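# Per-entry structural report
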Amino acid sequence: MSPLNGDPAFPASPDPSGGSWNDPLLLLWKEEEGGGLSPGSLAWWEQVAEIARLQEIQDRFAKIMKVGAIITTTDGIPVTQPSNFTPFCLAIREFPEGRCRCYESDAAGGRRSREVGRTFAYRCPHGLLDMASPIIVEGGMVGVLLCGQVLLERYSTPEVEGIAQRDWAFAPGHLADPLIDLFLHVPVVDHHAVRDSMDLLHLVASHIVGLCERHLTERRLLQKGISLIQEQRHKEALERSLKLSQVKALRSQLNPHFMFNTLNSIARLALFENAPRTQDLTVHLAEYLRYVLHRQAHGELVPLRMELDCIRRYLAIYGVRFGDRLRARIEAGEGTEELLVPFMLLQPLVENALSHGIEPLPQGGEILIRTALERGFLVVEVADDGVGFDAEGAHRGVGMANVEERLRLHYGEAARFEVDSAFGHGTRIRVVLPPRRGGW
């Protein structure tokens, strides 16, 4: 009896006509043209599933049910290695046309199982009974779990020779004889065994679906985590860039009137005297400008020692204007001078003390700049015995507001800016910073 005239419950797979069977890479090309990680492609399976785990499940199923088994893409391209394939099927696949017919038969069986919504049994183009169960992930078919390669009844040699002549034309006469012998040794099973295999095939396919969906979920969570990390890094980079821009903008707002007043003082001295005071003033101004312009182009943090040297130049220049009305002391505590502080931290505070504290007094006054390490923090104080002001209600000028903002940008909540003042009792500004060490 011809295997194509058997139980109508197991129809023959569609005839793979209309395509060329001469090129064994035909379906591989189709796979490549389908796109990189399109669902159901071979690349998709390699990324989404643990192929080794699927192979283990498939091997155990094939061994228990005594059938051949394989998982393929929707185009019939093998995802796993064949399990328990019959020698006949392995031999058929050695022929390019035979292999392509097998791939197309597997793909057609998968499509049909998808259409009927259950495991589908059919006869392959070479005469054996196969079963296909669709693998549907997130509503889309991504592959097929196949098993079978059995017969429902034994055939005689003449019957198999007729099958060979009709269906194995790709195998020349001298090569058909071995195929006939292998076909005669294909296992024969009854309908009950086939039904049991179909039921178990459906369960195994469902298990594979669960594994794929779990891996998809894990992959998406991982990708989401990576995206969040990248977004956070991008956000931090933007924030750092913004802080640097704000620092530069705030620094550029520092009142330049001091430089112009100093240049006017130099001009007046040059007019009335030919004395070393003019030279000293010019040197102090040159050193002050050299520090300001050089450091402004090279980073934001400097050693406190450089800030104190700058203030000494600054006070020497102001001393020309104030004369004996200005008295100044700098007390640098041990271990503080090499600590890093924001560039031009002291100048706005000292300028504020001079302009608003000392200058309004006819008798002038004294300024004290003190640095110390207290309880693990760097403390920088600028105090004067000038006119003072209402520290609670007074509006802070550009210089002090800039210092506060720059401290916030550099140290956040870790820095403190304290102002203690009252009318007739002078002013004390106290800056408390976490100590920073390192190169600059």
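Here, the structure is the one placed above.
Residues numbered from 1 in each chain as written. Predicted model: local features only at pLDDT ≥ 70, side-chain atom pairs only at ≥ 80, totals over all residues. Heavy atoms only, no water.

### Some points on the sheet that holds strand β3 (residues 129-137)
- Spatial ordering of the open sheet is given by β1-β4-β3-β2, a layout of four strands whose pairing is antiparallel. Sheet topology places β1 (68-72) and β2 (120-123) at the edges, where each strand pairs with a single neighbour. Averaged over all neighbouring strand pairs, the angle between strand axes comes to 25 degrees, with direction disregarded.
- Here helix α3 (residues 51-65) sits on the sheet and contacts β1 and β4 (140-150); the angle it forms with β1, its principal contact strand, is near 155 degrees. (Pairing = 2+ DSSP bridges. Helix = DSSP H or I, 4+ residues; strand = E, 2+ residues; numbered from the N terminus. Axes fitted to C-alpha atoms, helices over the stretch in contact; angles between N-to-C directions. Contact = heavy atoms within 4.5 Å.)

### Some points on the packing of helix α6 (residues 157-167) against helix α7 (residues 173-184)
- As a packed pair, α6 and α7 sit with axes 10 Å apart at the nearest point and diverge in direction by 125 degrees. In this view, α6 runs oblique relative to α7, as classed from their interaxial angle. Crossing of α6 against α7: the hand is right-handed. Residues Thr157, Val160, Glu161, Ile163 and Ala164 of α6 touch α7, and the partners they reach there are Ile180, Phe183 and Leu184.
- The residue inventory of the contact of α6 with α7, partitioned by class, reads six nonpolar, one polar and one charged. (Parallel < 35°, antiparallel > 145°, perpendicular 65-115°, else oblique. Left-handed = near helix turned anticlockwise from the far one by under 90°. Nonpolar A, V, L, I, M, F, W, Y, C, P; charged D, E, K, R; others polar.)

### Remarks on unusual backbone geometry
- With a phi close to 60 degrees, Asn84 is a non-glycine residue in the positive phi region.
- Within the secondary structure layout, Asn84 lies in the loop between β1 and α4 (87-92).
- Relative accessible area serves as the criterion here: at 47%, Asn84 is assigned to the partly exposed category. (Buried < 20%, exposed > 50% of the residue type's maximum accessible area, 1.4 Å probe, protein only.)

### Some thoughts on the packing of aromatic side chains
- Under the counting rule described, the total for this entry stands at ten aromatic pairs.
- Pairing Phe88 with Trp168 gives two aromatic rings, centres 5.2 Å apart and planes at 45 degrees, and the pair type is tilted. Of this pair, Phe88 sits in helix α4 while Trp168 is found in the loop between α6 and α7, placing the two residues 80 residues apart along the sequence.
- Seen in terms of ring centroids, Tyr314 and Tyr318 are 5.2 Å apart; in terms of plane orientation they differ by 50 degrees. Their pairing is tilted. Taken together, the positions of Tyr314 and Tyr318, both in helix α11 (residues 304-322) and four residues apart, correspond to about one turn of that helix.
- In this structure Tyr318 comes out as buried when scored by relative accessible area, which is 1%.
- Taken together, the ring pairs connect Phe88, Tyr155, Trp168 and Phe183 into an aromatic cluster. (Phe/Tyr/Trp six-rings, centres within 6.5 Å; stacked < 30°, edge-to-face > 60°.)

### Focus on α6
- Val160, Ile163, Ala164 and Asp167 are the residues of α6 that are buried. Down the axis of α6, the buried set is contained in an arc of 100 degrees. They therefore lie on one face. Counted as exposed and oriented over 90 degrees from the buried face of α6: Pro158 and Gln165.
- Considering only its buried residues, α6 is in contact with α5 (96-116) and α7. (Arc of directions from axis to C-beta.)

### Focus: the nonpolar core
- Counting residues in each nonpolar core, the largest one holds 47 residues, and the members touching the most others are Ile369, Leu407, Phe417 and Leu433.
- Here this core gets ten residues from one element, more than from any other, and that element is α11. (Core = buried A, V, L, I, M, F, W, Y, C linked by side-chain atoms within 4.5 Å.)

### Here's the deal with the pattern of salt bridges
- Applying the stated rule across the entire model yields 19 salt bridges.
- Residues Arg321 and Glu359 are paired through a salt bridge, measuring 3.2 Å at the closest nitrogen-oxygen approach. On the criterion of sequence distance, the pair formed by Arg321 in helix α11 and Glu359 in the loop between α12 (346-358) and β8 (365-374) is long-range, its members being 38 residues apart.
- Residues Arg430 and Glu418 are paired through a salt bridge, measuring 3.5 Å at the closest nitrogen-oxygen approach. In this pair, Arg430 is assigned in strand β11 (residues 427-433) and Glu418 in strand β10 (residues 416-421), connecting sequence segments twelve residues apart.
- For Arg430, a relative accessible area of 16% gives the class buried.
- Taken together, the salt bridges that share partners define one network made up of Arg370, Glu374, Glu381, Arg416, Glu418, Arg428 and Arg430. (Salt bridge = Lys/Arg side-chain N within 4 Å of Asp/Glu carboxyl O.)

### Describing the sheet that holds strand β6 (residues 326-332)
- What the five strands build is an open sheet, ordered β6-β8-β9-β11-β10; its pairing is mixed. Since the sheet does not close on itself, it has two edges, and those belong to β6 and β10, each with one partner. Each neighbouring strand pair of the sheet contributes to a mean axis angle of 10 degrees, computed without reference to strand direction.
- The pairing of β8 with strand β9 (residues 377-384) spans eight bridges and is classified as antiparallel. Its bridge partner being in β9, Leu368 is matched across the sheet by Ala383.

That is the geometry; function is a separate question.
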